[in-house]
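# Working through the structure, step by step
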There are 2 protein chains.
Amino acid sequence: MIFSNRVSAMQASPVRKLVPYATAAKKDGVKVYHLNIGQPDIKTPEGFMKAVREFDEDVLAYADSVGSDELIDAMIDYYKTYDMEFSKDQLLITNGGSEALLFTLMALCSAGDNVLIPEPFYTNYNGFATCVDVKINPVTTTAENGFHLPSKEEILKCIDDKTRAILISNPGNPTGAIYTLEEMQMLAEIAIEKDLWIVADEVYREFVYDGLKYTSFGNLKNVEDRVIIVDSVSKRYSACGARIGSLACKNEEFIAQVLKLCQGRLCVPTLEMVGAAELYKTPKSYLEEVNKEYCKRRDTLYEEIMKIPGVVCEKPTGAFYVVVKLPVENAEDFVIFMLKEFRHNGATTMATPAENFYGTPGLGKDEVRLAYILNCDDLKAAAQCMKLGLEAYKAAGHK
Amino acid sequence: MIFSNRVSAMQASPVRKLVPYATAAKKDGVKVYHLNIGQPDIKTPEGFMKAVREFDEDVLAYADSVGSDELIDAMIDYYKTYDMEFSKDQLLITNGGSEALLFTLMALCSAGDNVLIPEPFYTNYNGFATCVDVKINPVTTTAENGFHLPSKEEILKCIDDKTRAILISNPGNPTGAIYTLEEMQMLAEIAIEKDLWIVADEVYREFVYDGLKYTSFGNLKNVEDRVIIVDSVSKRYSACGARIGSLACKNEEFIAQVLKLCQGRLCVPTLEMVGAAELYKTPKSYLEEVNKEYCKRRDTLYEEIMKIPGVVCEKPTGAFYVVVKLPVENAEDFVIFMLKEFRHNGATTMATPAENFYGTPGLGKDEVRLAYILNCDDLKAAAQCMKLGLEAYKAAGHK
């Protein structure tokens, strides 16, 4: 039987092939520190389940294709706290940020078109693009300069007549980078000059550290008609399992086009929207507490990582990831070594090889992404374990 | 700003443009009998909310991309009652039947490929296909013969070298037709001869009347490796708002390919799967009761409809829809007339013009789809209102 070109071209989850190694280690009684996953351990605000439990309709009926009034209203209020004014008809609720991204690519790009994305990028961008025949034009950024953008000239070189949008996550996954206002304004200029959309994946908006001032692409007045903001409750409110995302855009025509896609899949789960509306009413103090906790974790992990000789890593200022260049030739081989062979105090550390976060072949081979979603003691132990593992890896003759 | 060819080619929901007329009528105090929508009024089994309310984790975490163990196990048991044996790795849980269909088209068809579908068909098939650059080759069926399939020769004419699958809903939406075992075996033969997949949308599996024996495409042994079964809890358990669907397939490679798409969107909502697992454990008596109720409604509506002079309508034997050919030239115009101008006892009836259920231009212009999801008294009143409306429409000089 034949399968489509697009699905054949998609990669299976790169972490998936490593999972059997982790499973085998755990079977042997080894503790595995998972720095490879983005599932926070922070408690979901209680308002979510409280509202869900109170749902009391006899029939669990379809919701409106655009999303529920209550959730949209709550999001409008949320955006106001970031000086963004959206009206009811400028928001669409989606099945996670994932569907928001997929629908956006479908709506902006015909088959064969491309989007410009700074690399390393969230691997699923690749999946969403591939399954709808969209190509990614990667703009390379490097660990050495903290994954900040190259010059305007360099970026312009990545744009051709099939480029439809700049897709950027800010704060960045996997880099943890926060773009400066100057970088954002440069992208806005490029978008205007080349008539491109800006798709701003801002699901980590609250995860900004060191007192940095965060600017949303929704705050740039000169690109209001071409900015599409992707959001999600997953990381913000530690509600990954709710699968509630959204699109916000002041361009009426964009909303009208994506609405057709929303109507096709009828609606987003009714109950999840009941819960998510409460999440967006969570007091800011919750988000501040979470921010403090992650900042502490970032500091802990970074401090320990920098004790490893030969690593290259700028201190990340956002999200809860960091991409680390290791003194090895093949980071995936090292990750497998850790899972299969190395134990310290009965434990080992699992990282994500970063190669799949790049669109340019060959890049990222010596890099890993670490998520700092464990408590500080575990993070410290995990990093120390990695340090000793690297020594053992080298001692065993690996390059 | 530019939008993609595919999204530009998509139709907005055809019912959507009629909604303002219904809204205006209601504002004027008119009661509108909605025969246009597929939202059942049947109570959702209580097990759903009971299980959801008992969910007691601190963190609402991601679920597995394939779906939850509990739900998959419950579905395996459910399929056994239809003599279908699936193992754990032959099922994938999706965001409604909608995502199951979208992912299937993505996986089977490259851009420019086509699928064969008997028309009239569920309009969203058109949306899913268009948004991934897949074409529909319609096989025309008619009200006069109860929307049964034409001959094998006729069907073979609709297949070309870019045809990848036969997509069929059985029981049929919008037709209410149940295909005979002979028809199914003919399609199976064609699939084997032409090396096509069979995508069987069987979300109305329990809605079969008159003691007809229902056969699933999953029961045909000679096409086991090429049958993909789409299911959903929406209609079966009156849980449309849960958005839980599924794919079942004995072809390992198909599951592996779609799994990549599932991994891309991470998972289906955790809580909805908790509830849906209970739905699939609902005693069969619930489904039998629901069947009886819809059978009664079908009888009531059919009897009243047949009192309208000039209608063509074979008694439907499944689902909860019927496509009726009316003695008018333009059914949409008549639907608008009903909403805007006609009232009987302060009420009017809203139907869905059937033109959009056809892939062949020009077909279905004189047809409407009626959903029998109201109680019998309302259905009777709605049909009588339509009868009088038709008389008034003709008397006003409309053709």
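It should be emphasised that the depicted structure is a prediction, and the values quoted were computed from it without experimental measurement.

## Concerning the overall build of chain A
- When helices and strands are counted, chain A shows 13 helices and 12 strands.
- For chain A, the C-alpha radius of gyration of 21 Å lies close to 21 Å, the compact-globule estimate for 399 residues.
- Projected onto the principal axes, the alpha-carbon positions of chain A cover approximately 60 × 55 × 50 Å.
- Counting all 399 residues of chain A, 64% fall into the buried class.
- Long-range pairs, those at least 24 residues apart, make up 77% of the contacts in chain A between residues at least 6 apart in sequence.
- A total of about 14,700 Å² of accessible surface is found on chain A, and carbon and sulfur atoms cover 50% of it.
- Across chain A, the centroid of the 44 positively charged side chains sits 5 Å from that of the 57 negatively charged ones.

## What about helix H10 (residues 270–279) of chain B?
- Taking burial as the measure, the 10 residues of H10 of chain B include eight buried ones, the bulk of the element.
- Looking at H10 of chain B, one finds that the buried residues are Thr270, Leu271, Glu272, Met273, Gly275, Ala276, Ala277 and Leu279 of chain B.

## Details of the interface of chain A and chain B
- Each partner contributes to the interface: chain A provides 79 residues, whereas chain B provides 79 residues.
- Our enumeration of links across chain A and chain B arrives at zero salt bridges.
- Applying the counting criterion to the chain A and chain B interface returns 41 residue pairs in polar contact (both at pLDDT 80 or more).
- For the side of chain A that touches chain B, the elements supplying multiple residues, two or more each, are helix H1 (5–9), helix H3 (47–54), helix H5 (96–108), helix H6 (123–131), helix H9 (252–264) and helix H10 (270–279) of chain A.
- Counting residues per element, the side of chain A that touches chain B draws most heavily on H9 of chain A, which supplies eight residues.

## Some remarks on the environment of Ala191 of chain A
All names here are of chain A.
- Inspection of the secondary structure assignment puts Ala191 in helix H8 (residues 181–194).
- Measuring from C-alpha to C-alpha, the distance between Ala191 and Leu266 comes to 32 Å, with 75 residues separating the pair along the chain.
- Excluding residues within four positions of it along the chain, Ala191 makes contact with Ile166, Leu196, Ile198 and Arg226.

## Considerations on the side chain of Ser216 of chain B
Residue and element names in this part refer to chain B.
- In this fold, Ser216 is placed in the loop between strand S6 (197–201) and strand S7 (227–232).
- Exposure remark for Ser216: the relative accessible area of 0% places this residue in the buried category.
- Among the polar contacts made by the side chain of Ser216, one reaches the main-chain amide nitrogen of Gly218 at a distance of 2.8 Å.
- If we skip the residues at most four places from it in the chain, Ser216 touches Met84, Met184, Glu202, Arg205 and Ile229.

## Points about the relation of the copies chain A and chain B
- Overlaying chain A on chain B yields an RMSD of 0.0 Å, the required transformation being a rotation through 180° with an accompanying axial translation of 0.0 Å. The two molecules are tied by a two-fold rotation axis, judged by turn and shift. Every residue of chain A has its C-alpha some distance from the rotation axis, and the shortest such distance is that of Arg53 of chain A, at 2.5 Å.
- Interface residue correspondence from chain A to chain B reaches 100%, placing this contact among same-surface, isologous pairings.

## Some details on a negative patch on the surface
- A grouping of Glu46 of chain A together with Asp56, Glu57 and Asp58 of chain B is seen on the molecular surface, where their side chains present a negatively charged patch.
- On the secondary structure map, Asp56 of chain B appears in the loop between helix H3 (47–54) and helix H4 (69–80).

## Examining the UniProt feature "domain: Aminotransferase class I/classII large" (unreviewed entry) in chain A
- The sites that carry the UniProt feature "domain: Aminotransferase class I/classII large" (unreviewed entry) are, in the present numbering, residues 32–342 of chain A.
- Annotation note: span residues 32–342 of chain A, helix share 37%, strand share 16%, distance between end C-alpha atoms 11 Å.

## Points about the sheet that holds strand S8 (residues 244–249) of chain A
All names here are of chain A.
- Pairing is mixed across the open sheet formed by seven strands, whose spatial order is S2-S8-S7-S6-S5-S3-S4. The sheet terminates laterally at strand S2 (91–95) and strand S4 (135–140), the two strands that pair on one side only. For this sheet the average axis-to-axis angle between neighbouring strands, irrespective of direction, equals 25°.
- Relative to S8, S2 runs antiparallel, the two being bridged by five bridges. Each bridged residue has a counterpart across the sheet, and for Thr94 the counterpart in S8 is Gly245.

## A word on the packing of helix H12 (residues 331–340) of chain A against helix H13 (residues 376–395) of chain A
Residue and element names in this part refer to chain A.
- Remark: H12 packs on H13, axes separated minimally by 10 Å, with the N-to-C direction vectors making an angle of 105°. What the angle tells us is that H12 and H13 run roughly perpendicular. Taking contact as the criterion, the partners of Asp333, Phe334, Phe337 and Met338 in H12 are, on H13, Cys385, Met386, Gly389, Leu390, Ala392 and Tyr393.
- Split by residue class, the contact of H12 with H13 holds eight nonpolar, one polar and one charged.

## Regarding the nonpolar core
- Counting residues in hydrophobic clusters, the biggest one holds 217 residues, and the most contacted among them are Leu370 of chain A together with Leu370 of chain B.
- Discounting residues that sit within four places of it in the chain, Leu370 of chain A has contacts with Leu35, Leu301, Ile305, Phe320, Tyr321, Val322, Val324, Ala351 and Met386 of chain A.

The rules we used
- Residues numbered from 1 in each chain as written.
- Chains lettered and ligands numbered in written order.
- Predicted model: local features only at pLDDT ≥ 70, side-chain atom pairs only at ≥ 80, totals over all residues.
- Heavy atoms only, no water.
- Helix = DSSP H or I, 4+ residues; strand = E, 2+ residues; numbered from the N terminus.
- Rg over C-alpha atoms; globule rule 2.2 N^0.38 Å.
- Buried < 20%, exposed > 50% of the residue type's maximum accessible area, 1.4 Å probe, protein only.
- Contact = heavy atoms within 4.5 Å.
- Areas by Shrake-Rupley, 256 points an atom, 1.4 Å probe, with all protein chains shown as cover.
- Lys, Arg positive; Asp, Glu negative; His and termini not counted.
- Charge placed at Lys NZ, Arg CZ, Asp CG, Glu CD.
- Salt bridge = Lys/Arg side-chain N within 4 Å of Asp/Glu carboxyl O.
- Polar contact = N/O pair within 3.5 Å; in protein donor to acceptor, adjacent residues only side chain to side chain.
- Least-squares fit on C-alpha atoms with pLDDT ≥ 70 in both.
- Patch = residues over 30% accessible without salt bridge, like charges linked within 9 Å, V, L, I, M, F, W, Y side chains within 5 Å.
- UniProt positions renumbered as here; feature names shortened; annotations may be inferred.
- Pairing = 2+ DSSP bridges.
- Axes fitted to C-alpha atoms, helices over the stretch in contact; angles between N-to-C directions.
- Parallel < 35°, antiparallel > 145°, perpendicular 65-115°, else oblique.
- Nonpolar A, V, L, I, M, F, W, Y, C, P; charged D, E, K, R; others polar.
- Core = buried A, V, L, I, M, F, W, Y, C linked by side-chain atoms within 4.5 Å.

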